[in-house]
Amino acid sequence: MNHSNEYIDHNRQKKIAVINDVTGFGRCSVAVQLPIISKLHIQCCAVPTAVLSNQTGFKSFFIDDYTRHFKEYTAEWKKIGLRFSAITSGFLGSAEQIDLISGFIKEFDEGAPIIIIDPVMGDHGHLYPHYTPEMSRAMKRLIGHAEIITPNLTEACFLTDTPYHEGKWTKKEIQAIMDKLTRLGPGKIVITGISQGEFVANAVYDPSSTDDILYTRQAKVGTERNGTGDVFSAIIAADAVNEVPFIQSVKRASRFVKLCIEKSIEMGIPNTDGVAFEEVIDRLKPL
């Protein structure tokens, strides 16, 4: 019997489209996001932007840019009628990739998916070496599609043309940055990595809850590690689909990242190898 015209529903489960690179070793990007999103009872559907043997913090690595296959890859999803509860993106390597994501969001808008953008642009007051002015302009356009964005302080500064400085940031300064970010279009915002002495803080804005900026903070643990931003954004994305209040999601994502770092230090995991989230993932529960 020919079933070629038979309708098959592939949308009986909540799904998130995760647009990020696939890295074989180093625990970042899709390698981190897929198991965490799955643990929170959501199907993770990956769109690879590049394939890497190991993350770029190593002295040597293999990389294959996947931009040329983006449209034909996602066209197959359109053919089978996939719909997503959310769409999220992470590290992007070119302005072309950023524009492709804008097109993907418009193409898969059925069901009004939640858009979560992690604008991975730089850190410590500097853009990453590959990040061009064209990419910065494209990222400003992309976050205009977002319901949630998760920039670190450096990225928030570059997105708003705010001079970055070391040392303490006042609440007035953070408020000014947050005001500029909201004018770019996103609804909910968390600015991560705000140093406060022995603590690191997140500034959270959720107009559905309050007009005030709320702050969460955790004691600093060890040194920075690869992939922690991907852990954080994966929880934020899954929680958004599961309708967890935004401030609650930010708090538990921060706590889980800290737990991952503490376990990695205990095990002597090299910083390049990311965080040993597998050892503590059972502590992460859907809400």
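Residues numbered from 1 in each chain as written. Predicted model: local features only at pLDDT ≥ 70, side-chain atom pairs only at ≥ 80, totals over all residues. Heavy atoms only, no water.

Asker: What am I meant to see in the pairing of strand 2 (residues 43-54) here?
Answerer: Put simply, side chains in a regular strand alternate between the two faces of the sheet. Where burial is concerned, most of strand 2 is hidden: 9 out of the 12 residues are buried. Pairing geometry for strand 1 (residues 15-25) and strand 2, over 9 bridges, is parallel. From the neighbouring strand, K15 faces strand 2, where its bridge partner is Q43. On the question of chirality, the crossover connecting strand 1 to the parallel strand 2 by way of helix 1 (residues 30-39) is right-handed. With 3 bridges connecting them, strand 2 and strand 3 (residues 63-65) associate as antiparallel partners. Note on strand 3: the bridge partner recorded for L52 is I63. (Buried < 20%, exposed > 50% of the residue type's maximum accessible area, 1.4 Å probe, protein only. Helix = DSSP H or I, 4+ residues; strand = E, 2+ residues; numbered from the N terminus. Pairing = 2+ DSSP bridges. Right-handed = clockwise from strand over helix to strand, strands pointing away.)

Asker: How should the sheet that holds strand 9 (residues 188-196) be read in this particular structure?
Answerer: By way of backbone hydrogen bonds, the strands of a sheet pair with one another, either parallel or antiparallel. An order of 3-2-1-4-5-8-9-10-11 is seen for the 9 strands of this open sheet, with the pairing classed as mixed. Taken across any chain shown, the strands that pair with only one partner, and hence form the sheet edges, are strand 3 and strand 11 (214-219). Two elements, strand 10 (residues 199-205) and strand 11, share 6 bridges in a ladder whose sense is antiparallel. Bridge assignment links F199 to a residue of strand 11, and that residue is A219. Helix 2 (residues 70-79) rests against strand 1 and strand 2 of the sheet, and its axis sits at about 160° to strand 2. (Contact = heavy atoms within 4.5 Å. Axes fitted to C-alpha atoms, helices over the stretch in contact; angles between N-to-C directions.)

Asker: Would you take a moment to explain the packing of helix 2 against helix 3 (residues 95-107) for this structure?
Answerer: Running from amino to carboxyl end, helix 2 crosses helix 3 at an angle of 10°, the nearest separation of the two axes being 12 Å. Regarding the angle of helix 2 to helix 3, the classification is roughly parallel. Taking contact as the criterion, the partners of F70, K71, T74, W77 and K78 in helix 2 are, on helix 3, L100, F104 and E107. Grouping the amino acids of the contact of helix 2 with helix 3 by side-chain chemistry returns 4 nonpolar, 1 polar and 3 charged. (Parallel < 35°, antiparallel > 145°, perpendicular 65-115°, else oblique. Nonpolar A, V, L, I, M, F, W, Y, C, P; charged D, E, K, R; others polar.)

Asker: Got a minute to help me understand the environment of F62 in this structure?
Answerer: Inspection of the secondary structure assignment puts F62 in the loop between strand 2 and strand 3. Judged by relative accessible area, which is 52%, F62 ranks as exposed. Among residues more than four places away in sequence, those in contact with F62 are V51, L52 and S53.

Asker: Would you explain the packing of helix 1 against helix 7 (residues 228-241) in this entry?
Answerer: Between two packed helices, both the angle of their axes relative to each other and the distance between the axes serve to describe the pair. With their axes 9 Å apart at the nearest point, helix 1 and helix 7 run at an angle of 30° to one another. Relative to helix 7, helix 1 is oriented roughly parallel. Of the two elements, helix 1 crosses helix 7, and the hand of that crossing is right-handed. From helix 1, V32, Q33, I36 and I37 reach across to helix 7, where they touch D230, V231, S233, A234 and I235. The residue inventory of the contact of helix 1 with helix 7, partitioned by class, reads 6 nonpolar, 2 polar and 1 charged. (Left-handed = near helix turned anticlockwise from the far one by under 90°.)

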